[in-house]
Amino acid sequence: MIRTGLAALAACGLASAAWAQDARFHYDGEMTIQPEAGTLSLDWTITAFEDDLDSVTFALNTALGIAEIGGPGVASVDVEEMAGFDGALQAYTIHLIPSEGGADRAIEMAYAGPLFPEAPDMPINTLDAHKVELTVDSFWMPFDTRFESLITAELDIAIAGDWAGVTMQRIERTDDGFRIEQDQPALDLAFTLMADYTSVEADGYVIYDTRAARAEADLTPVVEALDFCTTFLNDWAGPGGPLPKASITVNDRDEGGYSRGTLIALTDVSETSPESLTQFICHELSHYWSHGNAMTIENWLNESFADQMANVGLRARFGEDAYEARLTHYRDQLDGRDLTPVWTPEITERPSFFVMYRQGPLALDALEKEIGEAAFADFMHRYMAQPVRTTPQMLDLLEDAAGPEVRDWFIARLAE
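All values reported here derive from a predicted model rather than from experimental measurement.

(A) Quick look at the overall build of the protein. Along the protein, the regular secondary structure elements total nine helices and 20 strands. Computed over its C-alpha atoms, the radius of gyration of the protein comes to 22 Å, within 12% of the 22 Å expected for a compact globule of 416 residues. For the C-alpha atoms alone, the extent of the protein along its principal axes is close to 60 × 55 × 40 Å. The burial tally for the protein puts 54% of its 416 residues in the buried class. Of the contacts formed within the protein by residues at least 6 apart in sequence, a portion of 68% connects residues at least 24 apart. Just so you have it, the protein exposes about 16,800 Å², and 47% of that area is on carbon and sulfur atoms. Each charge class in the protein was averaged separately, 25 positive and 71 negative side chains, and the resulting centres sit 5 Å apart.

Encoded structure:
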């Protein structure tokens, strides 16, 4: 599916179980949300772990005013506007004092205001009396403009009323709201709080339906797709699984689905066919095995592998005709487009949508046809059993499964 803004860059890449890389920052925050007014206030202590970092530029939503910045790690601050995906952002360039003996340095930031003075164009982020859904797109939190810095986080949220909450890793109720803990490094912190919802719980997931028309909606297709996909992927992964328990929200929007750790947000799926719904959900769940850097060429690993895992799941549930029809649709969408290769050793930039979501899965389908379903399944077992962050690592696994000639053949196929 097509995503917007920074979630378009990061949503699926952020969905991995763990990046298994060190965090550059730790965010420790206290947040107060007033849903009826659409306002929030935040106090952060952000600890920088990079010894040789002289300065960092954080982007923040301009609607939140000018942040107060200080702390023992801060030497000076420059403030200016920068262009964002959905209008201007406030850019804070924080010059840090030198690190003495490798000591961590703390940055303190405080700000408050209405996050959305006007209704946002992007469908994902919400702050109202019914739902609070915050992702990187809205720049509700300071975001390192290098767009690749992993963070850990602890966030205490004060919010009045009876709400349920889901997040990327751990969330628990407190006396006045919620506490979020994120100890697996990720690119940002995303969560959803819900005042109006219905839920369905199973062994592997909980579904939260937040749609206005949920009373008339039938969640059976979603439940059936989730049951199938979790079973299929866990069986396929073998020792690389099982999937953790997932929190799935179903939302009143036509676009803006994403997967972030154990948090999966679905669009309004009421008009989605069982075939498309199965592929959609299998794709998002497959991101548990995504470990490539989402901001580089390696994001093709995240998206193409998740999509082809989902296509194989579609085939397992609905048969060869449904599988081939989907790939024919991919080929039709690529017809006449001038696109870069999926991967070559020289390319470093993040691939386009059609490269990651169409060319890449078709390349993996060609690989399966070249080596056969059994050898391809063996290769995928290996891929899912360990964190593969780069294409050369993936190619090593392919060589182990199918030999050096297949490795060379696939390198040439990716370069087409």
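(B) How the structure looks around the packing of helix 4 (residues 299-318) against helix 5 (residues 320-334). The interhelical angle for the contact between helix 4 and helix 5, taken along N-to-C directions, is 145°, at an axis separation of 6 Å. Of the residues in helix 5, those in contact with Asp307, Gln308, Asn311, Val312, Leu314, Arg315 and Phe318 of helix 4 are Glu320, Ala322, Tyr323, Arg326, Leu327 and Tyr330. Here the contact of helix 4 with helix 5 is composed, by residue class, of seven nonpolar, two polar and four charged.

(C) Spatial organisation of the pairing of strand 6 (residues 87-96). Within strand 6, seven of the ten residues are buried, which leaves the element mostly enclosed by the surrounding structure. Inspection of the sheet shows strand 3 (residues 55-61) paired to strand 6 by seven bridges, in the antiparallel sense. Bridge assignment links Leu60 to a residue of strand 6, and that residue is Gln90. Alignment of strand 5 (residues 74-84) against strand 6, held across ten bridges, turns out to be antiparallel. In the strand pairing of strand 6, Val79 is matched with Tyr92.

(D) Representation of the pattern of salt bridges. Evaluated as defined, the whole model comprises 24 salt bridges. As a salt-bridge pair, Asp156 and Arg179 come within 3.0 Å of each other at their nearest N and O atoms. Taken together, the positions of Asp156 in strand 11 (residues 151-158) and Arg179 in strand 14 (residues 177-186) put the pair 23 residues apart, joining distant regions of the chain. In this structure Asp156 comes out as partly exposed when scored by relative accessible area, which is 29%. Among the ionic pairs, Arg382 bridges to Asp378, the shortest N-O distance being 3.2 Å. Of the two residues, Arg382 and Asp378 both sit in helix 7 (residues 373-385), four residues apart, roughly one turn of that helix. One salt-bridge network, held together by shared partners, links Glu154, Asp156, Arg170, Arg179, Glu181 and Asp183.

(E) View of empty space enclosed by the protein. Going through the model one piece at a time under the given rule, you end up with two cavities of 30 Å³ or more. Of the voids in this model, the largest cavity is the one considered here, and its volume is about 80 Å³. Split into classes, the residues belonging to the lining of the largest cavity amount to seven nonpolar, four polar and one charged. Lining the second largest cavity, in full, are Phe25, Tyr27, Met141, Pro142, Phe143, Asp144, Phe147, Glu148, Ser149, Ile151 and Leu187. Elements with a minimum of two residues in the lining of the second largest cavity: strand 1 (25-34) and strand 10 (143-144). Each residue belonging to the lining of the second largest cavity can be placed in one class, and the counts come to eight nonpolar, one polar and two charged.

(F) Fine view of the state of the cysteines. Within the structure shown, the criterion is met by one disulfide. Each disulfide pairs two cysteine sulfurs, and for Cys229 the partner residue is Cys282, the sulfurs being separated by 2.0 Å. One quick way to see it: the torsion about the S-S bond of Cys229 and Cys282 is about -95°, and its sign makes the bridge left-handed. With a gap of 53 residues between them, Cys229 in helix 2 (residues 220-237) and Cys282 in helix 3 (residues 274-286) connect regions that are remote in the sequence. Take Cys229 and Cys282: they sit in the same class, and that class is buried.

(G) The arrangement of the packing of aromatic side chains in detail. Applying the stated rule across the entire model yields 18 aromatic pairs. Ring plane angle 65° and centroid distance 6.1 Å describe the contact between Phe305 and Phe379, whose orientation is recorded as edge-to-face. With Phe305 in helix 4 and Phe379 in helix 7, this pair connects stretches of sequence that are 74 residues apart. Its guanidinium or amino end placed over the ring of Phe178, Arg173 lies 4.5 Å from that ring's centre, counting from NZ or CZ. Above the ring of Tyr323, the side-chain terminus of Arg315 is found at 4.6 Å from the ring centroid.

(H) Structural detail: the nonpolar core. Grouped together as the largest cluster of nonpolar side chains are 56 residues, with contacts concentrated most on Ile281, Trp300, Phe305, Phe379, Met394 and Phe410. If one sorts the elements of this core by residue count, helix 2 sits on top with nine residues. With residues near it in sequence (within four places) discarded, Phe305 still touches Trp300, Leu364, Phe379, Met380, Tyr383 and Met394. Counting residues in hydrophobic clusters, the runner-up holds 40 residues, among them Tyr27, Leu53, Leu60 and Leu127.

(I) Representation of the environment of Gln182 within the structure. Mapping Gln182 onto the fold places it in strand 14. For Gln182, a relative accessible area of 3% puts it in the buried group. Each C-alpha atom, one on Gln182 and one on Ile69, is 23 Å from the other, the two residues being 113 residues apart in sequence. Once you skip the residues sitting within four places of it in the chain, Gln182 turns out to touch Ile151, Thr152, Ala153, Met168, Gln169, Asp188 and Leu189. There is a polar contact of 3.0 Å between the side chain of Gln182 and the backbone oxygen of Asp188.

(J) Spatial organisation of unusual backbone geometry. Note the cis peptide between Gly241 and Pro242, where omega equals 0°. Here Pro242 is to be found in the loop between helix 2 and strand 18 (246-250). The backbone of Phe139 sits at a positive phi, close to 50°, despite the residue not being glycine. Examined against the element boundaries, Phe139 turns out to sit in the loop between strand 9 (131-134) and strand 10. Positive phi values are uncommon outside glycine, yet Phe147 reaches one of about 55°.

Calculation criteria
- Residues numbered from 1 in each chain as written.
- Predicted model: local features only at pLDDT ≥ 70, side-chain atom pairs only at ≥ 80, totals over all residues.
- Heavy atoms only, no water.
- Helix = DSSP H or I, 4+ residues; strand = E, 2+ residues; numbered from the N terminus.
- Rg over C-alpha atoms; globule rule 2.2 N^0.38 Å.
- Buried < 20%, exposed > 50% of the residue type's maximum accessible area, 1.4 Å probe, protein only.
- Contact = heavy atoms within 4.5 Å.
- Areas by Shrake-Rupley, 256 points an atom, 1.4 Å probe, with all protein chains shown as cover.
- Lys, Arg positive; Asp, Glu negative; His and termini not counted.
- Charge placed at Lys NZ, Arg CZ, Asp CG, Glu CD.
- Axes fitted to C-alpha atoms, helices over the stretch in contact; angles between N-to-C directions.
- Nonpolar A, V, L, I, M, F, W, Y, C, P; charged D, E, K, R; others polar.
- Pairing = 2+ DSSP bridges.
- Salt bridge = Lys/Arg side-chain N within 4 Å of Asp/Glu carboxyl O.
- 1 Å grid on protein atoms, 1.4 Å probe; cavity = no way out; pocket = protein on both sides within 12 Å on 5 of 7 lines; lining within 4 Å.
- Points joined across faces, edges and corners; volume = space filled by probe spheres on them.
- Disulfide = S-S within 2.5 Å.
- Phe/Tyr/Trp six-rings, centres within 6.5 Å; stacked < 30°, edge-to-face > 60°.
- Lys NZ or Arg CZ within 6 Å of the ring centre and 35° of its normal.
- Core = buried A, V, L, I, M, F, W, Y, C linked by side-chain atoms within 4.5 Å.
- Polar contact = N/O pair within 3.5 Å; in protein donor to acceptor, adjacent residues only side chain to side chain.

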